[in-house]
Each structure stands twice: as C-alpha cells, then as structure tokens.
Amino acid sequence: MRLEINLIKKTDKELRFEVKGESSTLLNLLQKNLLEDEDVEIAGWTIPHRLIGSPIFYVKTKGNKNPVEAIIKASKMIEENVEEFKKRLEKAFKEYEKR
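Residues numbered from 1 in each chain as written. Predicted model: local features only at pLDDT ≥ 70, side-chain atom pairs only at ≥ 80, totals over all residues. Heavy atoms only, no water.

**Q** Is there a simple way to think about the pattern of salt bridges in this case?
**A** Once their charged atoms are close, side chains differing in charge can pair, the charge on each being opposite to the other. Using the criterion set out here, one finds 6 salt bridges in the structure. E14 serves as the salt-bridge partner of K9, at 3.7 Å between the closest nitrogen and oxygen. As a salt-bridge pair, K73 and D37 come within 3.9 Å of each other at their nearest N and O atoms. Highlighted residues: K73 in helix 2 (residues 67-98) and D37 in the loop between helix 1 (24-35) and strand 3 (40-46), separated in sequence by 36 residues. The exposure class of K73 is partly exposed, given its relative accessible area of 42%. Linked by salt bridges that have partners in common, D37, D39, K65 and K73 make up one network. (Salt bridge = Lys/Arg side-chain N within 4 Å of Asp/Glu carboxyl O. Helix = DSSP H or I, 4+ residues; strand = E, 2+ residues; numbered from the N terminus. Buried < 20%, exposed > 50% of the residue type's maximum accessible area, 1.4 Å probe, protein only.)

See below:
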C-alpha cells in the first residue's frame with residue numbers, strides 16, 4: 001500500500017488531513033473506531049471530486065482529548081482487532097484441516 005498523508009488543519013479539537021492512495025476501506029474502519037470513542041464528537045471523510053480528488057478525513061473531539069490522541073487510540077484498536085481476526089482465522093484453518 002502506497003499511502004501519503006498531508007495535514008490540512010490541526011487545532012486542539014480538530015484535525016483534517018488528505019489521504020492519498022487509500023479508498024473507503026481503511027477510512028470507514030478508522031471512522032467507525034473513532035465514533036466509538038466517547039471523547040470524539042465527529043469523525044468522517046469525503047472525496048471532494050470522485051475523479052480527481054483524494055479523501056479528506058476529519059475528526060473533532062469534545063476537548064477532553066486532542067484529535068491526534070483519538071486517532072492513535074482508534075488505530076491501536078484496529079490493529080488489535082486485525083490481530084484477533086488473524087488468530088481466529090488461523091485456528092479455523094487448523095480445525096478444518098483436521099477433518
């Protein structure tokens with residue numbers, strides 16, 4: 001995956017960045033995990049122009065946590081979920097092979 005992130009705006013409560021080289025898969029996952037955080041007020045993304053634009057991701061916190069901390073926390077949750085999925089998938093493969 002060739003991913004490039006360009007920061008557009010950063011304040012104590014808001015963060016906006018462009019994500020080049022990524023489509024909806026990772027961004028939807030990040031959005032979902034951010035919205036599960038009670039300190040996050042808004043999280044979402046858009047593509048300004050489908051033919052020529054890259055996704056713009058936006059997160060706004062309630063002020064108890066800065067948006068960078070929220071994104072790092074959400075990213076760690078994604079990583080943990082992927083690792084758990086991998087373990088369960090490997091276990092299922094091994095059980096299937098025993099049949």
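Back to the text.
**Q** Before we go on, may I ask you to explain the side chain of D39 in this structure?
**A** Residue placement: D39 occurs in the loop between helix 1 and strand 3. A polar contact is formed between the side chain of D39 and the side chain of N64, at a distance of 3.3 Å. Residue contacts for D39: discarding those within four places in its chain leaves T61, K62, N64 and K65. (Polar contact = N/O pair within 3.5 Å; in protein donor to acceptor, adjacent residues only side chain to side chain. Contact = heavy atoms within 4.5 Å.)

Distances and angles like these do not, on their own, reveal function.
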